[in-house]
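Analysis of the macromolecular model
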Amino acid sequence: QTTTTSVPQNDVDFLMQQVADEAGIELNMELPQGNTSTLAPSVAVGASTQASTEQDELTQRLARLRQM
Amino acid sequence: MWNLTGKGSSSDIFNRQQQCHIKAYGLVSRALKLDEQNLKDKSLVIDLYSEGIKELESGISIQIEGIGESYEKAKRLQEKMRTTLQMARDRLIILKGVSDLHNLPLAD
């Protein structure tokens, strides 16, 4: 087991944002807005992948607010 | 509100998780959009985060026990929802603190 596994994802996101800010890089990505409201069971895998991406977007934005 | 025992067919479980995600994403996105504008009145932002937190809690409470790609993805999504939930709760605490300060008679 390495020490990296014990670092919370929040802190990783936070540090990545901090480094990006210092370097003047825009980390925030515009993610596609998918239509998941008409979900069929057969597309559950694809939908949960998109949902994961959307959850990442929320945590990144929350991490950014924490810096302000 | 979902039946929190988490019983149901696999597609039912995934659909319930998706519905919780969709609602939570909509609410927290709206909260973030207002929060990022740094408005003086935080009441709507606080309400939106609170509602989003409830949906995240519902989503996380769904038991996902099974083998296969769908289950693995659903478990990963659940972990991400857990992270969002924790950060949204932290944000709410900060906003409520700020809001309370503004409501003090001497704060103006």
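The structure presented is a predicted model; accordingly, all values stated were derived computationally and were not measured.

Bringing the overall build of chain A into the picture now. Helix and strand counts for chain A stand at 2 helices and 0 strands. A total of 68 residues make up chain A; the buried ones form 21% of that total.

Secondary structure summary: chain B contains 3 helices and 0 strands in total. A burial count over chain B gives 32% of its 108 residues as buried. Long-range pairs, those at least 24 residues apart, make up 73% of the contacts in chain B between residues at least 6 apart in sequence.

All names here are of chain B. Relative orientation of the contacting elements helix α1 (residues 10-36) and helix α3 (residues 69-103) amounts to 30°, with a least axis distance of 11 Å. Considering the angle they form, α1 stands roughly parallel to α3. Between α1 and α3 lies a crossing whose hand is left-handed. Residues Ser10, Phe14, Gln17, His21 and Val28 of α1 touch α3, and the partners they reach there are Ser70, Ala74, Leu77, Met81, Thr84 and Ala88. Broken down by class, the residue content of the contact of α1 with α3 amounts to 6 nonpolar, 5 polar and no charged.

Our next topic: the interface of chain A and chain B. On the side of chain B, 24 residues touch chain A, which itself brings 22 residues to the contact. Those elements that place two or more of their residues in the side of chain A that touches chain B are α1 (9-23) and α2 (44-67) of chain A. The element contributing the most residues to the side of chain A that touches chain B is α2 of chain A, with 16 residues. Of the residues that constitute the side of chain A that touches chain B, the class distribution is 10 nonpolar, 9 polar and 3 charged.

Here we come to unusual backbone geometry. All names here are of chain B. Residue Asn38 is not a glycine yet carries a positive backbone phi of 55°. Of note, Asn38 is situated in the loop between α1 and α2 (43-61). In this structure Asn38 comes out as exposed when scored by C-beta crowding, with 10 C-beta atoms within 10 Å.

Our focus in this paragraph is the confidence of the model for chain A. Model confidence for chain A is summarised by a mean pLDDT of 72, while 56% of its residues fall at 70 or above. Contacts for the low-pLDDT stretch residues 35-39 of chain A, under 50 throughout, to residues beyond four places or in other chains number 8 contacts.

Parameters and conventions
Residues numbered from 1 in each chain as written. Chains lettered and ligands numbered in written order. Predicted model: local features only at pLDDT ≥ 70, side-chain atom pairs only at ≥ 80, totals over all residues. Helix = DSSP H or I, 4+ residues; strand = E, 2+ residues; numbered from the N terminus. Buried ≥ 20, exposed ≤ 12 C-beta atoms within 10 Å, placed from the backbone. Contact = placed C-beta atoms within 7 Å. Axes fitted to C-alpha atoms, helices over the stretch in contact; angles between N-to-C directions. Parallel < 35°, antiparallel > 145°, perpendicular 65-115°, else oblique. Left-handed = near helix turned anticlockwise from the far one by under 90°. Nonpolar A, V, L, I, M, F, W, Y, C, P; charged D, E, K, R; others polar. pLDDT = per-residue confidence, 0-100.

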